[in-house]
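Letter by letter, the chains look like this.
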Amino acid sequence: MSNHSGRQLDDAPSTVSALPAIAAAVGEQLTVLVDGGVCSGLDLIRMLALGADGVLIGRPWGYALAAAGQRGVAQVLSLLADEMRVGMALTGCASIAAIDSTVLATGQD
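Residues numbered from 1 in each chain as written. Predicted model: local features only at pLDDT ≥ 70, side-chain atom pairs only at ≥ 80, totals over all residues. Heavy atoms only, no water.

## Here we look at the overall build of the protein
Here is the rule we go by: Numbering of helices and strands starts at the N terminus; helices are DSSP runs of H or I of at least 4 residues and strands are runs of E of at least 2. The cut-offs for exposure are 20% and 50% of the maximum accessible area for each residue type, with area from a 1.4 Å probe on protein chains only; residues under the lower value are buried, those over the upper are exposed, and the others partly exposed. Contacts are residue-level and defined by heavy atoms, with any inter-residue pair within 4.5 Å sufficient. Method for areas: the Shrake-Rupley scheme with a 1.4 Å probe, in which residue coverage is limited to the protein chains shown. For the purpose of charge, His is not counted, nor are the chain termini; Lys and Arg are scored as positive and Asp and Glu as negative. Taken as the charge location is NZ of Lys, CZ of Arg, CG of Asp or CD of Glu.
When helices and strands are counted, the protein shows three helices and two strands. Considering only C-alpha atoms, the protein reaches an extent of 40 × 35 × 30 Å along its principal axes. Burial statistics for the protein: of 109 residues in total, 31% are counted as buried. Sequence-distant contacts in the protein: of pairs separated by 6 or more residues, those separated by 24 or more amount to 42%. By element, 57% of the accessible surface of the protein is carried by carbon and sulfur atoms, the whole surface being about 7100 Å². Taken as two groups, the 5 positive and 10 negative side-chain charges of the protein have centres that lie 12 Å from each other.

So, in structure tokens, the structure goes:
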């Protein structure tokens, strides 16, 4: 699922807000891939926790490619992986499979 970061329709919901309902509706019937608004390793964790089976990244590596070529892409992918590892450690997730909605702060106790 993607909304191209809301570029096409100003009032389109963000992927992060629409993801939980879509993931719940399709259950195990479909693989849910999400795209849009992913700029950090924590964004990757958030999308997985909200029900995505996979997360696509476009803008970060596109900018890195334009700025520094192959070296830039390698650097941004390394940065995303590092941020994801830190986020997983701080939420007690030893593997990507362990990321679920319990890692999200909901503001409710």
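Having seen the structure, we can now continue with the description.
## A look at the pattern of salt bridges
Note the following rule: Here a salt bridge means any side-chain nitrogen of Lys or Arg lying within 4 Å of a carboxyl oxygen belonging to Asp or Glu.
All told, the structure shown has two salt bridges when counted by the stated rule. With a shortest N-O distance of 2.8 Å, Arg-85 and Asp-82 are connected by a salt bridge. In this pair, Arg-85 and Asp-82 both sit in helix H3 (residues 59–90), three residues apart, roughly one turn of the helix. Take Arg-85: its relative accessible area is 52%, and that puts it in the exposed class. Residue classification places Asp-82 among the partly exposed positions, given a relative accessible area of 39%.

## Here we look at the nonpolar core
Nonpolar side chains tend toward joint burial in soluble globular proteins. Rules: Throughout, nonpolar core names a set of buried Ala, Val, Leu, Ile, Met, Phe, Trp, Tyr and Cys residues whose side chains join them through atoms within 4.5 Å.
Counting 19 residues, the largest nonpolar core has Leu-19, Ile-45, Met-47, Met-84, Met-88, Ile-99 and Val-103 as its most contacted members. Ranked by residue count, the leading element in this core is helix H2 (residues 41–49), at five residues. Look past the residues within four positions of Val-103 in its chain and what remains in contact with it is Ile-45, Ala-49, Thr-91 and Cys-93.

## Section: the side chain of Asp-43
When you line up the elements, Asp-43 lands in helix H2. The class of Asp-43 is buried, set by a relative accessible area of 16%.

## Some thoughts on the side chain of Thr-15
By the element assignment, Thr-15 lies in helix H1 (residues 15–26). The exposure class assigned to Thr-15 is buried, which follows from its relative accessible area of 3%. For Thr-15, the contacting residues outside a window of four places in its chain are Met-1, Ser-2, Asn-3, Val-34, Asp-35, Gly-36 and Met-47.

In short, shape yes, function no, at least from these values alone.
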